[in-house]
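Architecture at a glance
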Amino acid sequence: MNSELLKNFTREEVEAALKDMKPLSAPGPDGFMALKLDMSKAYDRVEWGFLEGVLKKMGFHEKWVALMMECISTVSYSILINGEPSETIHPNRGIRQGDPLSPYLFLLCTEGLHGLISHAASEGHIRGISICRSGPRLTHLFFADDSLLFCKATTQECQYVQDLLRIFEEASRQKLNKDKTTLFFSKVTLHEVQTSITDMLGVPEIKQYEILRPSLIYWERQKGQPDDCKGSFAWKSILKGREVIKQGMRWRIGDDSCVKIYQDHWFPGSNFGKVLSPRLDINMDATVDILIDQNLRYWRDMEIEGLFLPFEAKVIQGIPLSFIRNKDSIFWPRNHNGNYSVKSGYKMLLEEEVVDLPSASNPSPMKAVWKGIWKLKVPPRIRNLLWRARSDSLPTRVNLAKRKILTNTLCPQCNQEAEDTVHALWSCPLLTEVWRNQFEALQVASKSYRNFLDILHLV
């Protein structure tokens, strides 16, 4: 018998086995489900003792806990009967609707449920969803009194979720409203499993949650649609956050061939992060490792000095190279530990916004640039022109269009690009002859510059 069982499967046997499984599908991964919770009178049912215990468990100072409890426990109500207030009512639980503090206090209450779910996930009792392969698993989302739970569509995990909700209800005195709680299944979930789980939970099923489909929505809209045409505010925020990280991240040079010389952000000491020297006899996809002697671990000075502008060559030669073989890696230069944080990303965007403001009195890091402009030994009108160009307050067609004065932003001289400050004073093709004699190298190097400040730095 064992000899028959150990024989290799034939193509015909596999085909026959799959056809015999109709109307069921072929073996595949288990489906997933999402449970949107609705708590009945969630704010009114908050137990003060439970909230106080959560605050202490989370490590808040006793004085602060006492202050919060005083805010919610000193509430009193009075009902008007025929225009006259009745006796004062003193509640012993609940938080006030409309109070700006209430959503945050309720979120602290849900920390109890968060702890139960997180512990169950770490023990392997609940398996959340992953938007992409090898991505982090998502077990729950909380926002004020709205909650979403994610797990495998199996009766075992469903039963475990029920047990967690029962424990949370008993501890917090919250009550699940099953009439408004909804259930969603992924497409691969078998109909029999869906029916069994729906009967077990006793909640209605719906056919779509948009929050579960951000990747699908995004890629569908990529077909002929720009990112910002449609989509929710949350999804647009995710895309904006991705651009912020791409803009601010830098490559740390190791011994791989991952970093491209002219395309990746690896050049230190620059807001732009990319090499600005004109590309000579070298492939556009050339990587940084060709500039390094891999055996002795030092920069090839002759190659670097022949490919880059002098000031860039000097910076590149000053980049330290480790003798320990490490792979190229990405880091965030605005934090000492190299990790991205929302605070540093926000600070980077704020600095850019301050720099772009048309005000000469900004206490920004560009203070030295302002002083340099006003100390130039040139006629006052030239200094004034540079100041207005730096603050982007010249009456270019782009600026006039922002003020609803013009509708057409195309440069009237070349009719090729929009007339902003950089185009009007520096990059317009008709100005090539003007700048060629003295600034030809700078013109080539500044093709990818974003604003007039970059050009002033280069000069």
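The notes below deal with the structure included here. (Residues numbered from 1 in each chain as written. Predicted model: local features only at pLDDT ≥ 70, side-chain atom pairs only at ≥ 80, totals over all residues. Heavy atoms only, no water.)

Glancing now at the overall build of the protein. In terms of regular secondary structure, the protein is built from 19 helices and ten strands. Going through the 459 residues of the protein one by one, you find that 32% of them count as buried. As presented, the protein carries roughly 29,900 Å² of accessible surface, and 56% of it is formed by carbon and sulfur atoms. (Helix = DSSP H or I, 4+ residues; strand = E, 2+ residues; numbered from the N terminus. Buried < 20%, exposed > 50% of the residue type's maximum accessible area, 1.4 Å probe, protein only. Areas by Shrake-Rupley, 256 points an atom, 1.4 Å probe, with all protein chains shown as cover.)

Note on placement: Arg 383 falls in helix 15 (residues 380-390). Asp 392 provides the closest opposite charge to the buried, unpaired Arg 383, separated from it by 20 Å. Beyond its immediate chain neighbours, meaning those up to four positions away, Arg 383 contacts Ile 373, Trp 374, Leu 376 and Val 378. (Lys, Arg positive; Asp, Glu negative; His and termini not counted. Salt bridge = Lys/Arg side-chain N within 4 Å of Asp/Glu carboxyl O. Contact = heavy atoms within 4.5 Å.)

Our focus in this paragraph is the packing of helix 5 (residues 102-109) against helix 6 (residues 111-122). At their nearest, the axes of helix 5 and helix 6 sit 4 Å apart, and the two run at 35° to each other. Contacts between helix 5 and helix 6 involve Leu 107, Leu 108 and Cys 109 on the former and, on the latter, Glu 111, Gly 112 and Leu 113. (Axes fitted to C-alpha atoms, helices over the stretch in contact; angles between N-to-C directions.)

The alternating pattern of strand 6 (residues 182-185) places Thr 182 and Phe 184 on one face and Leu 183 and Phe 185 on the opposite face, and all of these are buried. Here four bridges tie strand 1 (residues 32-38) to strand 6, and the two strands are oriented antiparallel to one another. Residue pairing for strand 6: Leu 35 is matched across the bridge by Leu 183. (Pairing = 2+ DSSP bridges.)

Further remarks concern the sheet that holds strand 5 (residues 146-152). Two pairing modes exist for strands in a sheet, parallel and antiparallel, and in both the strands are linked by backbone hydrogen bonds. Pairing in this open sheet of four strands is antiparallel, and the strands run 4-5-1-6 from one edge to the other. Edge positions in the sheet fall to strand 4 (140-143) and strand 6, since each has one partner strand and no second. For this sheet the average axis-to-axis angle between neighbouring strands, irrespective of direction, equals 15°. As paired strands, strand 1 and strand 5 are joined by seven bridges and run antiparallel to one another. The residue of strand 5 that forms the bridge with Lys 36 is Leu 148. Docked against the sheet, helix 6 engages strand 1, strand 4 and strand 5, running at close to 170° with respect to strand 4.

Looking now at the nonpolar core. Counting residues in hydrophobic clusters, the biggest one holds 39 residues, and the most contacted among them are Met 33, Leu 35, Leu 37, Leu 51, Leu 165, Leu 183 and Ile 197. By size, the runner-up hydrophobic cluster in this structure holds 21 residues, among which are Trp 251, Trp 299, Ala 313 and Ile 319. (Core = buried A, V, L, I, M, F, W, Y, C linked by side-chain atoms within 4.5 Å.)

Located in the positive-phi region is Arg 173, a residue other than glycine, with phi close to 65°. Tracing the backbone through its elements, the reader meets Arg 173 in the loop between helix 7 (155-172) and strand 6. Positive phi is not limited to glycine here, since Asn 415 has a value of about 55°. Mapped onto the fold, Asn 415 is located in the loop between helix 16 (397-402) and helix 17 (421-427). Given the relative accessible area of 52%, Asn 415 is considered exposed.

Okay, the pattern of salt bridges next. Scanning the model with the defined rule gives five salt bridges in all. Across the pair Lys 246 and Glu 243 runs a salt bridge whose closest N-O atoms are separated by 3.9 Å. Remark: Glu 243 and Lys 246 occur in helix 10 (residues 233-248); sequence separation between them is three residues, near one turn of the helix. Accessibility expressed as a relative area gives 41% for Lys 246, which makes it partly exposed. For Glu 243, a relative accessible area of 39% corresponds to the partly exposed category. A cluster of three or more residues bridged by salt bridges with shared partners is formed by Arg 242, Glu 243 and Lys 246.

It is worth spelling out the packing of helix 6 against helix 7 at this point. Between helix 6 and helix 7, the least distance of the axes is 10 Å, while the angle of their chain directions is 150°. Taken together, the axes of helix 6 and helix 7 are roughly antiparallel relative to one another. When the axes of helix 6 and helix 7 are compared, the crossing they make is right-handed. Along its contact with helix 6, which presents Gly 112, Leu 113, Leu 116, Ile 117 and Ala 120, the element helix 7 presents Tyr 160, Leu 164, Leu 165, Ile 167 and Phe 168. Taken together, the residues of the contact of helix 6 with helix 7 sort by class into nine nonpolar, one polar and no charged. (Parallel < 35°, antiparallel > 145°, perpendicular 65-115°, else oblique. Left-handed = near helix turned anticlockwise from the far one by under 90°. Nonpolar A, V, L, I, M, F, W, Y, C, P; charged D, E, K, R; others polar.)

With 18 residues, helix 7 ought to run about 26 Å at 1.5 Å a step, and its terminal C-alpha atoms sit 26 Å apart, in line with that. The complete set of buried residues in helix 7 reads Glu 157, Cys 158, Val 161, Leu 164, Leu 165, Phe 168 and Ser 172. Along the axis of helix 7, the buried residues cluster in a sector spanning 120°; they form a single face. Turned more than 90 degrees away from the buried face of helix 7, the exposed residues are Gln 156 and Glu 170. Here the buried face of helix 7 lies against strand 1, helix 3 (48-57), helix 5, helix 6, strand 5 and helix 8 (191-201). (Expected span 1.5 Å × (residues − 1). Arc of directions from axis to C-beta.)

Just distances and angles here, no functional claims.
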